[in-house]
Amino acid sequence: MKIEKANAGHLTNFEVLDFLRKRGAKTDPMGCLGAVAASECKVYEYLLKTPACNQTRESVTEFASTCEGFKLTDADKQNIINWRPTSAADVYAMVEECGKRFCKDERGVPQDEEDRAKELVALVNEIFPAPPAKPKDEVDMKPEDEVDAKPEDEVDMDMKDS
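The model shown is predicted, which means the values in this text are computed figures rather than measured ones.

K.L.:
Would you mind going over the packing of aromatic side chains in detail, with residue names and values included?
P.N.:
If you walk through the whole model with that rule in mind, you get two aromatic pairs. Centroid distance Phe 63 to Phe 128: 5.4 Å. Interplanar angle 40°. Geometry classified as tilted. Of this pair, Phe 63 sits in helix α4 (residues 57–66) while Phe 128 sits in the loop between α8 (113–127) and α9 (144–148), placing them 65 residues apart in sequence. Summarising the aromatic geometry, the rings of Phe 70 and Phe 102 are spaced 5.8 Å apart at their centres and angled 55° between planes, so their arrangement reads as tilted. In this pair, Phe 70 sits in the loop between α4 and α5 (74–83) while Phe 102 sits in helix α7 (residues 98–102), placing the two residues 32 residues apart along the sequence. The pair Phe 70 / Phe 102 is uniform in exposure class, with both members buried.

In structure tokens form, the structure reads like this:
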């Protein structure tokens, strides 16, 4: 292997996933034998559960150019591309000093920072495909006790009848 450009920058999850796909990574451990290392298959399997699984190179490039008005750093852009925020709260968690940077728009006109965060979420929703659905084992499920229990009104009604 020849290193063409050492430390060319950070990679998004999409870029790593795309690279692993091209190398022949699979979710089936037996299908990975020989093509890529077992650790690469594990990384591939993990990335398939992230928003990177249904992104395209075009959508990543479009987002990087369209979000210029938000004064995002490269690290902020990378976080947003990797984790695809779905709410203003997510944006505040991902963008360092979000309140300071979002209090003015690209022309320097004062703006409501909450509205700017919501604009960014709308931009993300417009450009990137919907995030992948959570597997069944991660979906919040009620414990069996709560499913079988009667609602309070029904319990009270039964007691009144006796």
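K.L.:
Pulling in residues and values, what's your account of the environment of Val 109?
P.N.:
For Val 109, the position within the fold is in the loop between α7 and α8. The exposure class assigned to Val 109 is partly exposed, which follows from its relative accessible area of 35%. Setting aside chain neighbours within four positions, we find Val 109 in contact with Cys 103 and Lys 104.

K.L.:
Break down the packing of α4 against α8 for me, citing the residues and quoting the values.
P.N.:
Helix-helix packing: each pair is described by the crossing angle between the helix axes and the interaxial distance. For the pair α4 and α8, the least separation of the axes is 10 Å and the interaxial angle reads 155°. The angle between α4 and α8 places the two elements in the roughly antiparallel class. In this structure, the crossing between α4 and α8 has a hand that is right-handed. Two secondary-structure elements touch here, α4 through Ser 59, Glu 62, Phe 63 and Thr 66 and α8 through Leu 120, Leu 123, Val 124 and Ile 127. Residue classes in the contact of α4 with α8 are distributed as five nonpolar, two polar and one charged.

K.L.:
Tell me about helix α1 (residues 13–23), and please be specific about residues and values.
P.N.:
The set of residues buried in α1 consists of Asn 13, Phe 14, Leu 17, Asp 18 and Leu 20. Around the axis of α1, the buried residues are gathered within 165° of arc, so they sit on the same side. Just downstream of α1, Gly 24 is the residue with a positive phi angle, here 100°.

K.L.:
Just give me the short version of the nonpolar core, but keep the residues and values in it.
P.N.:
Among the nonpolar cores identified, the biggest contains 29 residues, and Phe 63, Leu 72, Ile 80, Val 91, Phe 102 and Leu 120 are the most heavily contacted of them. At the level of secondary structure, the elements contributing two or more residues to this core comprise α1, α3 (38–47), α4, α5, α6 (88–94), α7 and α8. In terms of residues, this core owes the most to one element, α8, which gives six residues. Split by domain, this core shows at least three residues from each of two domains, domain 1 (9–53) and domain 2 (56–129). In this view, Leu 72 contacts Phe 63, Cys 67, Lys 77, Ile 80, Val 95, Arg 101, Phe 102 and Leu 120; residues no more than four positions away in its chain are not counted.

K.L.:
Give a description of unusual backbone geometry that names residues and reports values.
P.N.:
One non-glycine residue with positive phi stands out, namely Lys 71, at about 55°. The residue Lys 71 is located in the loop between α4 and α5 in this model. Overall, the relative accessible area of 43% leaves Lys 71 in the partly exposed class. Its identity as a non-glycine residue notwithstanding, Glu 97 has a phi of 50°, on the positive side. Relative to the assigned elements, Glu 97 resides in the loop between α6 and α7.

About the criteria used
Residues numbered from 1 in each chain as written. Predicted model: local features only at pLDDT ≥ 70, side-chain atom pairs only at ≥ 80, totals over all residues. Heavy atoms only, no water. Phe/Tyr/Trp six-rings, centres within 6.5 Å; stacked < 30°, edge-to-face > 60°. Helix = DSSP H or I, 4+ residues; strand = E, 2+ residues; numbered from the N terminus. Buried < 20%, exposed > 50% of the residue type's maximum accessible area, 1.4 Å probe, protein only. Contact = heavy atoms within 4.5 Å. Axes fitted to C-alpha atoms, helices over the stretch in contact; angles between N-to-C directions. Parallel < 35°, antiparallel > 145°, perpendicular 65-115°, else oblique. Left-handed = near helix turned anticlockwise from the far one by under 90°. Nonpolar A, V, L, I, M, F, W, Y, C, P; charged D, E, K, R; others polar. Arc of directions from axis to C-beta. Core = buried A, V, L, I, M, F, W, Y, C linked by side-chain atoms within 4.5 Å. Domains from an automatic or database assignment.

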